[in-house]
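Close look at the chain arrangement
Given next are the chains, with one letter for each unit.
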Amino acid sequence: MFINHDFIYKILEETKNPTNEEIKEVLEKAKKRDGLSYKDIAILLQAEDKNDLEEIYKLAGEIKKDIYGKRVVVFAPLYVSDYCVNNCVYCGYKRDNKFTRRKLTMEEVAEEVRILEKMGHKRLALELGEDPVNAPIDYALECLDTIYKTQNANGEIRRVNVNIAATTVENYKKLNEKGIGTYILFQETYHEDSYNKMHPKSLKGDYEYHLTAFDRAMEAGIDDVGAGVLFGLADPRFEVLGLMMHNAHLEEKYGVGFHTISVPRLQPANGVTLENYPYLLDDKMFKKVVAILRIAVPFTGLILSTRETPKMRRELLKYGVSQISAGSSTGVGGYKQREEGEEIKQFKTNDERSPIEILKELLDDGYIPSYCTACYRKGRTGDRFMSLAKSGNIKYVCEPNAIMTLLEFTLDYGDKELYDKAQEIINTEVENIPREDIKNMTKASLEKMKNGERDFYL
Ligand code: SAM
């Protein structure tokens, strides 16, 4: 298997207590974008000294700025079914938790989508528990159809990323045919013994089958895959090296690694308290992990959810996070429940702000909130996306698209305060577009948009 446990233990042992010089050396190498070895990454993971950490954060911030500019992609999850045959120790949906399970009818899915569209969302992550009888692949496919066809005034969902359990090549082919964005699956933990302990007697309990899910997805033609670790289940340093090995395996075998990495931290949930988890990450370790991921895989998007507080989210955007969820509900039918004042969640969330409030803060901090979904619709996926990103040309496409979708959001869903804040950034950023032809095209599109036209994607 491509997660070599003994090798990870060995380099973690060898790199204990690194000197300032060793850390500096690795950071110099990272600055040159030479690519870091597992040992280099392990050295950074062992850094404890305050000054060393500051240097790591600084470099992560510079890399993020260089590659992603000021853009921050915004999305929301949509939970459609909490039926689950698994018994994941840490999860509120585990089968031992007795509560009335539900899955949304297509009318209810459409209702949730309409609420999300009214919040201005264009990009969703479809979430459901694993249950081949109550929520089989056909149910997920039907949900995708419903989501894409539920349009409402200017509201439409243009990209759906899908987070469903590990499955067969045949099922991944069906998902691919529906036109999904990224296929997301968290390994939860790369540490095999911990994985087995956390997933007792269940479909999800097969470490190897779970680990090879992206291989099957790629064989089925899905070329954007999004990984993740549920931080808190095992040693975070082991997990980061596990992520790197998984990514390297995909790059070697399929020519393209992770499109995104998510960094959820374990939260209390129904029937889940956090006393028995010796590896919970404190804020210092968490920030270090995010910054090191940014340095180690500069072109992979980093996703942060509302499990984190507004303060932590604001800080991690500086060190490397490039996508955040906003206005999220983590319960089945949760958006409607929220409107009715009785929302039930899969796990505790810590940022309850609406997308408008979050956008205002992003703008205050100088970011361009982006609802762009153009890459997926224009076929810029997999290695096509990566080569565009690596050549530095992505800025000619992403920046103008971010600016245009920001104006679209403010016109359709914003208030006066948001419009004014956005206008300021839009005016400055349009002038900063480095190519004259693209700058002029963008300006023309912005003008058209103010007159109600929407054909503006590069
Ligand atoms: N059923 C899908 C599967 O098996 O991959 C995933 C859907 S689940 C709704 C999405 C993710 O929520 C899980 O992969 C897990 O990492 C995360 N999760 C579960 N329990 C959690 C908890 N207590 N705190 C934080 N995240 C949790």
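Residues numbered from 1 in each chain as written. Predicted model: local features only at pLDDT ≥ 70, side-chain atom pairs only at ≥ 80, totals over all residues. Heavy atoms only, no water.

Let's talk about the site of the ligand
- In the region of the ligand, 20 residues are neighbours, and Tyr90, Leu128, Glu188, Gln267 and Arg307 sit closest.
- For the ligand, a nitrogen atom lies 2.8 Å from a polar atom in the backbone of tyrosine 90.
- Its free accessible area being 580 Å², the ligand has 97% of it covered by the protein chains. (Near = heavy atom within 4 Å. Polar contact = N/O pair within 3.5 Å; in protein donor to acceptor, adjacent residues only side chain to side chain. Areas by Shrake-Rupley, 256 points an atom, 1.4 Å probe, with all protein chains shown as cover.)

Considering the domain arrangement of the protein chain
- As assigned here, the protein chain comprises domain 1 (5-65), domain 2 (70-352) and domain 3 (392-450).
- Inter-centroid distance (C-alpha atoms) of domain 2 to domain 3 is 30 Å.
- Listed as interface residues are ten residues of domain 2 and, on the opposing side, eight residues of domain 3.
- Summed over both sides, the interface between domain 2 and domain 3 buries roughly 770 Å², with carbon and sulfur atoms accounting for 44% of that surface.
- For the domain 2 face of the interface with domain 3, the top three residues by lost area are Lys70, Arg71 and Asn154, together amounting to 58%.
- There are three salt bridges connecting domain 2 and domain 3. (Domains from an automatic or database assignment. Contact = heavy atoms within 4.5 Å. Buried area = accessible area lost by both parts, 1.4 Å probe. Salt bridge = Lys/Arg side-chain N within 4 Å of Asp/Glu carboxyl O.)

Remarks on the environment of arginine 33
- Its location among the elements puts arginine 33 in the loop between helix 2 (20-31) and helix 3 (38-45).
- Overall, the relative accessible area of 37% leaves arginine 33 in the partly exposed class.
- For the pair arginine 33 and alanine 389, spaced 356 residues apart in the sequence, the C-alpha separation amounts to 14 Å.
- Here arginine 33 is in contact with Ile63, Asp66 and Ile67, once residues within four sequence places are set aside.
- In this structure the side chain of arginine 33 is engaged in a polar contact, spanning 3.1 Å, whose partner is the side chain of aspartate 66. (Helix = DSSP H or I, 4+ residues; strand = E, 2+ residues; numbered from the N terminus. Buried < 20%, exposed > 50% of the residue type's maximum accessible area, 1.4 Å probe, protein only.)

Digging into the side chain of threonine 15
- Here threonine 15 lies in the loop between helix 1 (5-14) and helix 2.
- Classification of threonine 15 as buried rests on a relative accessible area of 4%.

Focus: helix 1
- Restricting attention to buried positions, one finds in helix 1 the residues His5, Ile8, Ile11 and Leu12. Each buried residue of helix 1 lies within a common arc of 135° when the element is viewed along its axis, so the set occupies one face.
- Where the residues of helix 1 are buried, they touch helix 3, helix 8 (192-198), helix 9 (207-211) and helix 11 (236-254).
- Where helix 1 begins, the side chain of asparagine 4 points an oxygen toward the backbone nitrogen of aspartate 6, at a separation of 3.4 Å. (Arc of directions from axis to C-beta.)

Quick look at the packing of aromatic side chains
- Taken as a whole, this structure holds ten aromatic pairs when the rule is applied.
- Seen in terms of ring centroids, phenylalanine 7 and tyrosine 38 are 6.0 Å apart; in terms of plane orientation they differ by 80°. Their pairing is edge-to-face. Of this pair, phenylalanine 7 sits in helix 1 while tyrosine 38 is found in helix 3, placing the two residues 31 residues apart along the sequence.
- Between the aromatic rings of phenylalanine 214 and phenylalanine 258, the centroid separation amounts to 6.1 Å while the plane-to-plane angle is 70°, which identifies the pairing as edge-to-face. A residue pair is termed long-range when its members are at least 10 positions apart, and phenylalanine 214 in helix 10 (residues 213-219) and phenylalanine 258 in the loop between helix 11 and strand 6 (260-262) qualify at 44 residues. Note on accessibility: phenylalanine 214 and phenylalanine 258 belong to one class, buried. (Phe/Tyr/Trp six-rings, centres within 6.5 Å; stacked < 30°, edge-to-face > 60°.)

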